[in-house]
Amino acid sequence: MAPRLPVLASAILLLVTVLSATAASPASAHDGDESQEGSLLVQQALGHLAHDPGPTGIDLAMEKMDDALAAEDQHGVVVDDVRAAEDALREGKVGQARHLLQGAIVDALAELEPATGEATGTTVVDRPLPGRYALTASDGWFLAASSVLLGAGLALSFRFRPRDTVRDMRRRLVGPRGPGNDDARPEGSEP
Amino acid sequence: MATIKPTRRSGARDRPTRTRRAVDAIDERLGIKALDYPVPEHANNLAWTLGGVTAAAFGLLLVTGVLLAQFYNPVPEDANQSLRDMVTDVWGMGFIRALHFWAAQAMYVTALLHLLRVFLTGSYKRPREANWLIGVAMLGLLTLALFTGTVLKWDQEGFEALEHNLEIAQLLGGAGIWFAADFADRVPILVRLYGAHVVIIPGLLVGLMTLHGLLVKRHGISPHPSLPTDATGAQAPAEEPTEPFTHHIRRLGAFGLALTGGLGVLAVLLPPAIGPQPVAGLEITKPPWNFWWMFTLENWFGLSGILWGGGALFLALAALPFVDRNPERLWRRRPVAMALGLAVLLTLTALTILMAFTETTQHLEM
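Residues numbered from 1 in each chain as written. Chains lettered and ligands numbered in written order. Predicted model: local features only at pLDDT ≥ 70, side-chain atom pairs only at ≥ 80, totals over all residues. Heavy atoms only, no water.

Student: I keep staring at the pattern of salt bridges and nothing clicks. Help me out?
Tutor: Pairs can form between side chains of opposite charge whenever their charged atoms are close. Taken as a whole, this structure holds twelve salt bridges over all chains when the rule is applied. The salt bridge involving Asp168 of chain A is made with Arg171 of chain A; its shortest N-O contact spans 3.7 Å. Taken together, the positions of Asp168 of chain A and Arg171 of chain A, both in helix α8 (residues 166-173) and three residues apart, correspond to about one turn of that helix. The exposure class of Asp168 of chain A is partly exposed, given its relative accessible area of 29%. The salt bridge involving Glu28 of chain B is made with Arg29 of chain B; its shortest N-O contact spans 3.4 Å. Overall, the relative accessible area of 64% leaves Glu28 of chain B in the exposed class. With relative accessibility at 62%, the residue Arg29 of chain B sits in the exposed group. One salt-bridge network, held together by shared partners, links Glu86, Asp87 and Arg90 of chain A. (Salt bridge = Lys/Arg side-chain N within 4 Å of Asp/Glu carboxyl O. Helix = DSSP H or I, 4+ residues; strand = E, 2+ residues; numbered from the N terminus. Buried < 20%, exposed > 50% of the residue type's maximum accessible area, 1.4 Å probe, protein only.)

In structure tokens form, the structure reads like this:
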């Protein structure tokens, strides 16, 4: 009976884990207070477009641009450029919209103090830089050198393997019955 | 049948080889032969060398990190751009950065595998409890290194990681003061995290690793649970074959070579991207996979879920040697420990997998 209890306990714990994972619902999202700073809202629109230039990102960017146009503080924001960017996005011209939005806040960004604390210091919001382009000649050399190291390491680790495996030692020290049998254990040794 | 005896030139003597003479000369000055002490043979298989493999990954991180530091500018206005310039305009730095990224992943994985092995073989039990605690502390530092490293990219993902950190610091009150953005009002927090990533955390890791290794030397490698032990139950028996510690280092060197090569292949074929510069007030990215289990807790319980979940895990790890009083080391004879360990592992795995299917949700107070 005793060995079955741990199995039962494990099964119960697993069931609880799975039920918790599937039953719990996300905590209600806290929307947070929207910024009233027009230039930051324009930057947020740029952030959405940089992160996702697809339909979802465009919708989110449009929301931010609407918020920017309605913001109390539009200091340093060229409102016409923001409106032109909205028009460009409606036509699906994401690149043009990004260019217009970046230009719309040039004056605001020029007045930024050097970043302290948690300030981002961001002026231009670039597109993501992908990790991988086409392999170059240098990449080929690095790949070749790495493959040589990998092969050499594997060969040497095999060459330097221990003389005896744990199974060999167990057979020699404990006997054919293995560690579960106290009779097979050498005298004076603990399990 | 006549026996053939080897002949010798008259007057010839047995002369030590050039290698032997070199080793003797180095030993006379550095005492390297002290490393020739006997170590139970089971210590040389891969599962029992994972700690050393983790240290090898750390060594790679140190070397590649020094190179990255030559070209990275930790000032917020330029951090992201300096990274872009480094990987596109400086020969070899794209590879070095990718190698650094993959070495960090490797260190995390091998550290967890090492922890798992130590848990499965009961190697944390008396008299090795202190060394277990040092290991848990190093795991915590490694997690912090991963966190600070992701922030240093200073892209949207890194910035959102920082924002989470700042809000958790607020939850901690006075205890979170170092993590508060206004702790040093003239120094951007990015610069302080850079200092933590390149000096404080690696420095602490080097110190703890040294202590960790010295304690392994002091206590001896723990006995294999399926082999007999000596009368104390804490050491391998005299009957178990031994090899010199230099053989352990030699095999570890081979593993390190293979690790470097494997990570180099990954660095060429799967280099990490660099995200757009950060914008405050957005929460649109997911954290690196290492933190997904925490963020599923955040989705369920809010920001404090990260704090309580992480805290509970590390508290449980630290308490393990003092709560588990079962003297057995073989896994079959430790049903409660195995059941609980499996439950924790499955829970963390489930929480991690769930994050892959979860949309990003606003949690931060913007």
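This is not the end of the story, as more comes after the structure.
Student: Would you mind showing me how to read the interface of chain A and chain B here?
Tutor: It is common to give the size of an interface as the accessible area that goes away when the parts come together. In this assembly, 77 residues from chain A lie in contact with 86 residues from chain B. Carbon and sulfur atoms make up 66% of the surface buried where chain A meets chain B, a total of about 6400 Å² over both sides. Where chain A packs against chain B, one counts zero salt bridges. Summed over the shared surface of chain A and chain B, the number is 14 residue pairs in polar contact (both at pLDDT 80 or more). Mapped by element, the contributors of at least two residues to the side of chain A that touches chain B are α1 (4-23), α2 (38-51), α7 (137-159) and α8 of chain A. Ranked by residues supplied to the side of chain A that touches chain B, first place goes to α7 of chain A with 13 residues. (Contact = heavy atoms within 4.5 Å. Buried area = accessible area lost by both parts, 1.4 Å probe. Polar contact = N/O pair within 3.5 Å; in protein donor to acceptor, adjacent residues only side chain to side chain.)

Student: What am I meant to see in the side chain of Glu240 of chain B here?
Tutor: Residue position: Glu240 of chain B is located in the loop between α7 (189-219) and β2 (242-244). Within polar-contact distance, the side chain of Glu240 of chain B engages the backbone nitrogen of Glu41 of chain B at 3.4 Å. Here His42 of chain B takes part through its side chain, which lies 2.7 Å from a polar atom of the side chain of Glu240 of chain B. Non-local contacts of Glu240 of chain B, meaning those with residues more than four positions away in its chain, are made with Met169 and Leu173 of chain A together with Pro40, Glu41, His42 and Leu227 of chain B.

Student: Is there a simple way to think about the nonpolar core in this case?
Tutor: Membership of the largest hydrophobic core comes to 75 residues, with the highest contact counts inside it found for Tyr72, Trp132, Val151, Leu162 and Leu263 of chain B. When residues in this core are grouped by element, the largest group, 15 residues, is from helix α4 (residues 93-120) of chain B. Beyond its immediate stretch of four places on either side in the chain, Val151 of chain B contacts Gly158, Ala161, Leu162, Leu190 and Leu193 of chain B. Counting 28 residues, the second-largest nonpolar core is a separate cluster that includes Leu46, Met65, Val77 and Ala88 of chain A. (Core = buried A, V, L, I, M, F, W, Y, C linked by side-chain atoms within 4.5 Å.)

Student: I keep staring at the confidence of the model for chain B and nothing clicks. Help me out?
Tutor: One rule of thumb: low pLDDT means the predicted coordinates there are not for detailed reading. Across chain B, pLDDT averages 92, with 95% of residues at or above 70. The complex prediction reports pTM at 0.87, with the ipTM value standing at 0.88. (pLDDT = per-residue confidence, 0-100.)

Student: Help me understand a nonpolar patch on the surface, please; the structure alone is not making it clear to me.
Tutor: All names here are of chain B. Taken together, the side chains of Val23, Ile26, Leu30, Ile32, Leu35 and Ile249 present a nonpolar region at the surface, about 470 Å² in accessible area. When residues in the nonpolar patch are grouped by element, the largest group, three residues, is from helix α1 (residues 18-30). Assignment of secondary structure puts Ile26 in helix α1. A residue is classified by how much of its surface remains accessible, and Ile26, at 41% relative accessible area, is partly exposed. (Patch = residues over 30% accessible without salt bridge, like charges linked within 9 Å, V, L, I, M, F, W, Y side chains within 5 Å. Areas by Shrake-Rupley, 256 points an atom, 1.4 Å probe, with all protein chains shown as cover.)

Student: Help me understand unusual backbone geometry, please; the structure alone is not making it clear to me.
Tutor: Comment: phi is negative for the bulk of residues other than glycine, and the bulk of peptide bonds are trans. All names here are of chain B. Between Arg126 and the following residue, Pro127, the backbone shows a cis peptide bond with an omega angle of 5°. By the secondary structure assignment, Pro127 is in the loop between α4 and α5 (129-152). Look at Trp154: it is not a glycine, yet its phi comes out positive at around 50°. Residue position: Trp154 is located in the loop between α5 and α6 (156-172).

Student: Help me understand the packing of aromatic side chains, please; the structure alone is not making it clear to me.
Tutor: What characterises a pair of aromatic rings is the spacing of the ring centres plus the angle enclosed by the ring planes. Across all of its chains, the model carries eleven aromatic pairs over all chains by this definition. Judged by centre distance (5.5 Å) and plane angle (90°), the rings of Trp154 of chain B and Phe159 of chain B are edge-to-face. Neither residue differs from the other here; Trp154 of chain B and Phe159 of chain B are each classed as buried. Among the aromatic side chains, those forming a connected cluster through ring pairs are Phe142 of chain A together with Trp91 and Phe95 of chain B. Over the aromatic face of Phe158 of chain A sits the side chain of Arg161 of chain A, whose NZ or CZ is 4.1 Å from the ring centroid. Across the ring face of Trp48 of chain B, the terminal group of Arg117 of chain B is positioned such that the distance to the ring centre comes to 3.8 Å. (Phe/Tyr/Trp six-rings, centres within 6.5 Å; stacked < 30°, edge-to-face > 60°. Lys NZ or Arg CZ within 6 Å of the ring centre and 35° of its normal.)

Student: It is not clear to me how the packing of helix α2 (residues 50-69) of chain B against α7 of chain B should be interpreted in this structure. Could you clarify?
Tutor: When two helices pack together, their arrangement is given by the angle between the helix axes and the distance between those axes. All names here are of chain B. Interaxial distance between α2 and α7 falls to 12 Å at its minimum, and their mutual angle equals 150°. Considered as vectors, α2 and α7 are oriented roughly antiparallel to each other. Like other packed secondary-structure pairs, α2 and α7 cross with a definite hand, here left-handed. Each of Ala55, Phe58, Leu62 and Ala69 in α2 lies in contact with α7, whose residues at this interface are Tyr194, Pro202, Leu205, Val206 and Met209. The class makeup of the residues in the contact of α2 with α7 is nine nonpolar, no polar and no charged. (Axes fitted to C-alpha atoms, helices over the stretch in contact; angles between N-to-C directions. Parallel < 35°, antiparallel > 145°, perpendicular 65-115°, else oblique. Left-handed = near helix turned anticlockwise from the far one by under 90°. Nonpolar A, V, L, I, M, F, W, Y, C, P; charged D, E, K, R; others polar.)

Student: Would you take a moment to explain α2 of chain B for this structure?
Tutor: At 3.6 residues per turn, the α-helix brings residues three or four places apart onto the same side. Residues and elements named next belong to chain B. In this model, α2 (20 residues) spans 28 Å end to end at C-alpha, consistent with the 28 Å of a helix rising 1.5 Å per residue. All buried positions along α2 are accounted for by Leu50, Gly52, Val53, Thr54, Ala57, Phe58, Leu60, Leu61, Thr64 and Leu68. Of the surrounding secondary structure, the elements contacted by the buried residues of α2 are α3 (79-89), α4, α7 and α8 (245-269). (Expected span 1.5 Å × (residues − 1).)

Student: Would you mind showing me how to read the packing of helix α4 (residues 79-90) of chain A against helix α5 (residues 94-104) of chain A here?
Tutor: All names here are of chain A. For the pair α4 and α5, interaxial distance at closest approach is 8 Å and the crossing angle is 170°. It follows that α4 is roughly antiparallel to α5 by the angle criterion. Contacts between α4 and α5 involve Asp81, Val82, Ala84, Ala85, Ala88 and Leu89 from the former and Val94, Gln96, Ala97, Leu100, Leu101, Gly103 and Ala104 from the latter. Of the residues assigned to the contact of α4 with α5, the class counts are ten nonpolar, two polar and one charged.

Student: Got a minute to help me understand α5 of chain B in this structure?
Tutor: Residue and element names in this part refer to chain B. Its 24 residues place the ends of α5 35 Å apart at the C-alpha level, agreeing with the 34 Å of an ideal helix rising 1.5 Å per residue. In terms of residue burial, α5 counts as a mostly covered element, since 17 of its 24 residues are buried. Count one or two residues on from α5 and you reach Trp154, which has phi positive near 50°.

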